[in-house]
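Breakdown of the fold
In case you want the letters, here they are:
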Amino acid sequence: MYELSRLELLPTSTKVQIASELTVAIQTLRMSQAHADHAFYQNQAAHYSVIKRAELENKNQSESQIRFSVASIMYCVCLGYEVDGLQNELIASALNWVRDSIKKAQT
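So, here's what we can say about the structure. (Residues numbered from 1 in each chain as written. Predicted model: local features only at pLDDT ≥ 70, side-chain atom pairs only at ≥ 80, totals over all residues. Heavy atoms only, no water.)

1. Notes on the packing of helix α2 (residues 12-32) against helix α5 (residues 86-106)
For clarity, the cut-off: Geometry is summarised by axes, namely lines fitted to C-alpha atoms with helices restricted to the contacting stretch, and by angles between N-to-C directions that run from 0 to 180 degrees. Each helix is a run of DSSP H or I of at least 4 residues and each strand a run of E of at least 2, with the numbering of both proceeding from the N terminus. Left-handed is the label given to a crossing in which the near helix is rotated counterclockwise from the far helix by less than a right angle, and right-handed is the label when the rotation is clockwise. Residue contacts follow a heavy-atom distance rule, with two residues in contact if any of their heavy atoms lie within 4.5 Å. Amino acids are sorted into nonpolar (Ala, Val, Leu, Ile, Met, Phe, Trp, Tyr, Cys and Pro), charged (Asp, Glu, Lys and Arg) and polar (every other residue, Gly among them).
At their nearest, the axes of α2 and α5 sit 9 Å apart, and the two run at 145 degrees to each other. Pair α2 / α5 crosses with left-handed handedness. Facing α2, whose interface residues are T12, K15, V16, I18, A19, L22, T23, I26, L29 and R30, α5 presents Q87, I91, A94, L95, W97, V98, I102 and A105. For the contact of α2 with α5, the residue count by class is 13 nonpolar, 3 polar and 2 charged.

As structure tokens, this is what we get:
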């Protein structure tokens, strides 16, 4: 929730880009869930952790902000697998944020 609330301070155009990439990442994760196990989610969390570290060193702040934000949220979602029901709750929260962000951008 902290990760999502932190995004509210960003410009609308950046939030829309994050929403788009976050939607793709969540859809990809959902397609993999049928074959996923604990090791899969640990590997995914490690992958997003590497992205976060790399983006902190990136000089292009706008592009870096988008990738870092998506990686931060997806890192939490992947780790959420370890607590029963938490991953689904985090996915639902992220998708609600996506819907709200798109709705605000259209007004």
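So much for the structure itself; the text now carries on.
2. Focus: the side chain of Q87
Keep this limit in mind: Throughout this description, buried means an accessible area under 20% of the type-specific maximum (1.4 Å probe, protein chains only), exposed means over 50%, and partly exposed covers the range between.
Inspection of the secondary structure assignment puts Q87 in helix α5. The exposure class assigned to Q87 is buried, which follows from its relative accessible area of 6%.

3. What about the pattern of salt bridges?
The line we're drawing: Just to be clear on terms, a salt bridge is a Lys or Arg side-chain nitrogen sitting within 4 Å of an Asp or Glu carboxyl oxygen.
The full count for this structure, using the stated rule, is 4 salt bridges. Two residues, E8 and K15, come together in a salt bridge whose shortest N-O distance is 3.3 Å.

4. As for the state of the cysteines
Let me state the cut-off plainly: Disulfide assignment relies on a single distance test, namely cysteine sulfur atoms paired within 2.5 Å.
As enumerated under the stated definition, the model contains 0 disulfides in all. With no disulfide of its own, C76 lies 9.5 Å from the sulfur of C78, the closest cysteine sulfur. Under the relative-accessibility criterion, C76 is labelled partly exposed at 33%. The class for C78 is buried, based on a relative accessible area of 1%.

5. Focus: the nonpolar core
What counts, and what does not: Buried Ala, Val, Leu, Ile, Met, Phe, Trp, Tyr and Cys residues that are joined via side-chain atoms within 4.5 Å together make up what is termed a nonpolar core.
In terms of nonpolar packing, the biggest core is built from 26 residues, with L22, M74 and W97 touching the most fellow members. Breaking this core down by element, the ones donating at least two residues are α2, α3 (38-57), α4 (61-79) and α5. Examining the composition of this core, we find that 7 residues originate from one element, α4, more than from any other.

6. Re the side chain of E3
Defined as follows: Each polar contact in these results corresponds to two N or O atoms within 3.5 Å; when the atoms are within protein, one needs to be able to donate a hydrogen and the other to accept it, and residues that are neighboring in sequence are counted only if both atoms are side-chain atoms.
Within the secondary structure, E3 is located in helix α1 (residues 2-6). Since its relative accessible area comes to 18%, E3 is described here as buried. There is a polar contact of 3.2 Å between the side chain of E3 and the side chain of R6. Beyond its immediate stretch of four places on either side in the chain, E3 contacts S72, I73 and C76.

7. Focus: the packing of α4 against α5
Worth spelling out the cut-off: Note on angle classes: values under 35 degrees are labelled roughly parallel, values over 145 roughly antiparallel, values of 65 to 115 roughly perpendicular, and the remainder oblique.
Interhelical geometry of α4 versus α5 gives an angle of 155 degrees and a closest axis separation of 8 Å. When the axes of α4 and α5 are compared, the pair comes out roughly antiparallel. The interaxial crossing formed by α4 with α5 has left-handed handedness. The residues of α5 that touch α4, namely those facing I73, C76, V77 and C78, are Q87, L90, I91 and A94. Here the contact of α4 with α5 is built from residues that sort into 7 nonpolar, 1 polar and no charged.

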